[in-house]
Amino acid sequence: MPKPKALIKLDFPKKEYSEIAINCPFGFEFPLYSKLKQMNDNCLIDIIFPNQNGVLYLSYFSLENNLDAHFDQSVKLAYKHNVTADGITEQLYINDSLKVYGMLYDYSGTSATATQFYLTDSVNHFFRGALYFNTEINDSILPINNFLKYDIKHLIETFYWRDK
């Protein structure tokens with residue numbers, strides 16, 4: 001007799017956030033159940049989600065009249081996964097009061113990345129992030145993917161620029 005279909009029971013941590021405390025020209029809130037790993041003094045940061053088996057890779061670049069180059073590279077990296085993803089949704093982000101503008105790329109289907117984004121003030125700063133899992137994206141980790149996407153949206157919504 002065939003066994004009935006079953007789903008994995010996942011226990012997610014409570015959504016709690018803390019402000020990042022690093023010497024970089026930006027700030028945001030990150031989940032307390034993640035671990036921060038600052039790669040160097042250039043504001044390269046990994047937010048590691050050990051229980052979800054994922055990493056959010058974050059990069060900061062100071063603009064020197066090269067916004068178009070960073071923008072083009074981000075779009076190229078985002079659409080590189082278009083071959084394997086079923087679809088990519090773009091969500092524009094604008095916060096005029098904090099001068100934070102950007103784009104969130106949300107992938108559906110099987111793809112090496114779950115979400116990518118970039119944020120900029122269009123003059124001095126460029127910040128990008130990409131969420132990757134240490135396993136293949138499939139239906140069984142879809143709830144984890146959705147859980148972490150909420151945290152990335154929270155990071156974007158709490159993001160601001162500051163002087164070093």
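So, a few notes on the structure that sits alongside this text. This structure is a prediction, so every number in the text was calculated from the model and none was measured.

## Focus: the overall build of the chain
Phase 1: A count of helices and strands for the chain gives 2 helices and 11 strands.
Phase 2: The proportion of buried residues among the 164 residues of the chain is 43%.
Phase 3: When contacts within the chain are restricted to residue pairs at least 6 apart in sequence, those whose partners lie at least 24 apart make up 50%.
Phase 4: Carbon together with sulfur atoms contributes 52% to the accessible area of the chain, which is approximately 9600 Å² in total.

## Details of the environment of Gly87
Phase 1: Considering the arrangement of structural elements, one finds Gly87 in strand β7 (residues 87-95).
Phase 2: By relative accessible area, which is 19% here, Gly87 ends up buried.
Phase 3: Put simply, Gly87 and Tyr105 are 18 residues apart on the chain and 10.0 Å apart in space, counted from C-alpha to C-alpha.
Phase 4: Those residues within four positions of Gly87 in sequence are excluded, and the remaining contacts are Asp106, Tyr107 and Ser108.

## Considerations on the packing of aromatic side chains
Phase 1: Applying the stated criterion across every chain yields a total of 17 aromatic pairs.
Phase 2: Linked through ring pairs, Phe26, Phe28, Tyr60, Phe117, Phe127, Phe159 and Trp161 together constitute an aromatic cluster.
Phase 3: One residue, Lys15, lies across the ring of Phe147, its end atom 3.4 Å from the ring centre.

## Some thoughts on the state of the cysteines
Phase 1: Using the criterion set out here, one finds 1 disulfide in the structure.
Phase 2: Two residues share a disulfide in this structure: Cys24 and Cys43, whose sulfurs sit 2.0 Å from each other. An S-S torsion of about -110° defines the bridge between Cys24 and Cys43 as left-handed. Here the residue Cys24 occupies a position in the loop between β1 (17-19) and β2 (26-27), and Cys43 occupies one in the loop between β4 (35-38) and β5 (45-49), the gap between them amounting to 19 residues. Residue Cys24 shares its accessibility class with Cys43, and that shared class is buried.

## What to know about the nonpolar core
Phase 1: Of all hydrophobic cores here, the largest spans 32 residues; its most connected members are Phe26, Phe28, Phe117, Phe127 and Leu155.
Phase 2: Elements represented by at least two residues in this core include exactly β5, β6 (54-62), β8 (100-108), β9 (113-120), β10 (125-133) and α2 (142-158).
Phase 3: Of all the elements, α2 adds the most residues to this core, at 6 residues.
Phase 4: Not counting residues within four places of it along the chain, the set of residues in contact with Phe127 comprises Phe26, Phe28, Leu58, Ser59, Tyr60, Phe117, Tyr118, Leu119, Leu155, Phe159 and Trp161.
Phase 5: Formed by 9 residues, the second largest nonpolar core is a distinct cluster that contains Leu63, Ala85, Tyr105 and Phe126.

Definitions and cut-offs
- Residues numbered from 1 in each chain as written.
- Predicted model: local features only at pLDDT ≥ 70, side-chain atom pairs only at ≥ 80, totals over all residues.
- Heavy atoms only, no water.
- Helix = DSSP H or I, 4+ residues; strand = E, 2+ residues; numbered from the N terminus.
- Buried < 20%, exposed > 50% of the residue type's maximum accessible area, 1.4 Å probe, protein only.
- Contact = heavy atoms within 4.5 Å.
- Areas by Shrake-Rupley, 256 points an atom, 1.4 Å probe, with all protein chains shown as cover.
- Phe/Tyr/Trp six-rings, centres within 6.5 Å; stacked < 30°, edge-to-face > 60°.
- Lys NZ or Arg CZ within 6 Å of the ring centre and 35° of its normal.
- Disulfide = S-S within 2.5 Å.
- Core = buried A, V, L, I, M, F, W, Y, C linked by side-chain atoms within 4.5 Å.

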